[in-house]
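# Per-entry structural report
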Amino acid sequence: MKQPTFLLPPLALGLSFGLSFGLASAALSAPATISIDASKPGARVSPTLYGAFFEEINRAGDGGIYAEMVQNRSFEDAPAPQAWQWLQTQDAKATWRLDRTAPLHPKNPTSLRLDIFQPGRVGIINQGFKGSTLPGKDNSEAAQAKWLPRFAEDAAKSRDGLAVQGGKTLLFSVYARGQDFKGPLTVSLEKQDGTVLSSRKISGIGTGWKQFEAQLRPTSSDTDARLVVSADRPGTLWLDMVSLFPRDTFKGRKNGLRADLVQMIAAMKPTFLRFPGGSFMEGATLKDAYHWKETIGDVATRPGHWNIWGYRSSDGLGFHEYLQMCEDLRAVPLYVANCGMAERDFVPLNQLQPWVEEALDAIEYANGPVTSTWGAMRAKNGHPKPFGLKYLEIGNENGVGYPWGGGKREDYLPRYKLFFDQIKAKYPDVITIANIDTEPDVPAEIVDEHYYESAAWFMEQATRYDNYDRKKRPLYLGEFAVTKEAGGGNMRAALGEAAFMTGLERNGDAVILSSYAPLFVRPAWRRWNPNAIIFDGARAFGTPSYYVQAMFAAHKGDVNLPVTLQDETKMLFAVAGKLDKSGEIVLKVVNTGAAPSTANIQLAGTTFLGSQAQTFVLSAESPTDENSFEAPTKIAPRANTISGVSSQFDHVFPAHSVSILHFKTSR
Ligand code: AHR
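Summary of the structure given here. (Residues numbered from 1 in each chain as written. Predicted model: local features only at pLDDT ≥ 70, side-chain atom pairs only at ≥ 80, totals over all residues. Heavy atoms only, no water.)

Turning our attention to the site of the ligand. Around the ligand, a shell composed of F53, E55, G278, S279, W309, N396, E397, Y452, E479, P518 and W528 is seen. In the model, an oxygen atom of the ligand is placed 2.8 Å from a nitrogen or oxygen of the E55 side chain. One of the side-chain nitrogen or oxygen atoms of E397 is found 2.8 Å away from an oxygen atom of the ligand. If the ligand stood free it would expose 280 Å²; the protein chains cover 97% of that surface. Here the residues of the shell around the ligand are counted per class, giving five nonpolar, three polar and three charged. (Near = heavy atom within 4 Å. Polar contact = N/O pair within 3.5 Å; in protein donor to acceptor, adjacent residues only side chain to side chain. Areas by Shrake-Rupley, 256 points an atom, 1.4 Å probe, with all protein chains shown as cover. Nonpolar A, V, L, I, M, F, W, Y, C, P; charged D, E, K, R; others polar.)

What follows is the structure, given as structure tokens:
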């Protein structure tokens, strides 16, 4: 496809650009001009340009969008009952320990054993996702043992316990069995001072494993509540899969997702959703690689696995839940399959076939007819209709040659080829994505690029794809974010990304998919900074980068219009497009400077209808400004209507701002 001509000023490169960022250099400069030529529409912009990338990192899933409120419900997380506390009144004699003698399921081998010799009140307490991550990538028993005291200290300091709302029903469940135990069990939600918010009795515990359920409805709200499961009779008890979910999950789904957090993804209007990673999918070593078949079906039979980001993943948000989330968000699934390459070790080529088949089976599970093996399994799990998996990425960051691992080109190519050939032979409609440009050695359909850099770097790279050879494979900007001088997610980062994204959209025929990364962080569990959405048990807010993603997605042009930008300050970045349905022209302008910039907007090739335009502006007083739990929308887009619009008019773009202007035209 022919590329439209964009007459952009040469960018100041390198250090000088980086230094000038944030200075009030517009003050002495001539006014800028932004000319749009509507008579020369350029390339069509990929309808799937803006998507989202979900990875289990920083507690994005467990303790995040996966609505389970109990940490370590299956007692598999660590060699000790991590995240659980022991409750024993002075009059009682009792012990507790992890036990593997009578597993609930072979894949869920550990349960908790309580021996009550003399009651009092004896029980266990869970305070949700208090704690912190294991630093580094070593998850050996020795490393975990060293970390457990630190975890307990961090948990004790936290006030981010179970967040419950007065009058809102919570669904409790537990597997239990007993020996010489006449019951009952008491399950209660309590404030930290012991005030009971809701309580239920569970009776009928026998010698075999059985699941018990109870509904809890707290009398008042609390953001630091605790769950207590206790007994006041003697005997021996085994507990497993101690679970608490809000009844009101996203779309009310069972084993569902936290509604407020998924709403935040929905507001980004992602056209696709990438899952499950990221390095999470690779594992530091193959032993911790993601295997989707271990993440479907009854959650009590899912083994979970160690997550490279410093905690165990329950895989309660598994492959099926991911596909369901895509459907609920109307986002196309983009699944990343492990191609037999972890960060530090790889499957020998002659043993790779089962890994290829695992990817083929994932496609069958998502898309196959109910008469197929895995399509039937999907139906059994409640979704007879195919999910429509569209993209499959073969590996993550494999073959790039990163110093931390993931393999070199020569490691990736033969493995990629085995996957590519068999996927395309069996599922020609599924579009594959390569981690590197595999051509001319092996065919590629889309190539994924990842960038974590400074704001200055992203601004310099706003023209990166202007001369991209359209004969080459289209690109997926699979992970990108400003990570240097970005605070916990500040306006500087958002401006760098927005400047870069004007280049993505201008080249929306070459760059056909993009996703900011990572999406979520629960602050105590931060292993990566910054992230788009910051949350705790009860609250969530978007960083300025989050709003940039949401704004660009909500106002994407369908077809590009050439823009000539003259701006001595070099602080402005712009892209324009037209909307098919309304015929409106959408102009996006990023002012990265510390002074307001007046630009003369000139339109050729059509006329504006009326003298008004709708605007959406994200701005901050300082590039270091951030949102916070206390001021969650300090930096958020503000809608407005401006007047005085004509074929040539002046408009002031505020300092440190991202502006989107909608013009009605005569078409
Ligand atoms: O987004 C965080 C990490 O960055 C991803 O897991 C990995 O793909 C990349 O290196």
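With that out of the way, let us pick up helix α5 (residues 319-329). Since one α-helical turn is 3.6 residues long, residues separated by three or four positions face the same way. Where burial is concerned, most of α5 is hidden: ten out of the eleven residues are buried. Among all positions of α5, only F319, H320, E321, Y322, L323, Q324, M325, C326, D328 and L329 are buried. Check the buried side of α5 and you find it contacts α3 (259-266), β14 (272-275), β17 (332-337), α6 (353-367) and α7 (373-380). Just downstream of α5, R330 is the residue with a positive phi angle, here 55°. (Buried < 20%, exposed > 50% of the residue type's maximum accessible area, 1.4 Å probe, protein only. Helix = DSSP H or I, 4+ residues; strand = E, 2+ residues; numbered from the N terminus. Contact = heavy atoms within 4.5 Å.)

Aromatic rings considered in pairs are described by the distance between their centres and by the relative angle of their planes. Counted by the stated rule, this structure contains 39 aromatic pairs. Between the aromatic rings of W292 and Y365, the centroid separation amounts to 5.4 Å while the plane-to-plane angle is 55°, which identifies the pairing as tilted. Of this pair, W292 sits in the loop between α4 (279-282) and β15 (305-307) while Y365 sits in helix α6, placing them 73 residues apart in sequence. Judged by centre distance (5.1 Å) and plane angle (75°), the ring pair of Y546 and Y547 falls under edge-to-face. The pair formed by Y546 and Y547 is uniform in burial state, with each residue classed as buried. A cation over an aromatic ring shows up here: R177 above the ring of W209, its NZ or CZ 5.7 Å from the ring centre. Sitting over the face of the ring of F629, R539 holds its NZ or CZ atom 4.2 Å from the ring centroid. (Phe/Tyr/Trp six-rings, centres within 6.5 Å; stacked < 30°, edge-to-face > 60°. Lys NZ or Arg CZ within 6 Å of the ring centre and 35° of its normal.)

Residues G277 and G278 are joined by a peptide bond in cis, for which omega reads 5°. Locating G278 in the fold gives a position in the loop between β14 and α4. Residue P518 is reached from A517 by a cis peptide bond, and omega for that bond is -15°. If you trace the backbone, P518 turns up in the loop between β22 (511-516) and β23 (520-521). In the Ramachandran plot, N72 falls in the positive-phi region, its phi being about 60° despite a non-glycine side chain. Here N72 lies in the loop between β2 (52-53) and β3 (84-88). Classification of N72 as buried rests on a relative accessible area of 5%. Residues other than glycine seldom take positive phi values, yet D180 does so here, at roughly 55°. Among the structural elements, D180 can be located in the loop between β8 (170-179) and β9 (185-190).

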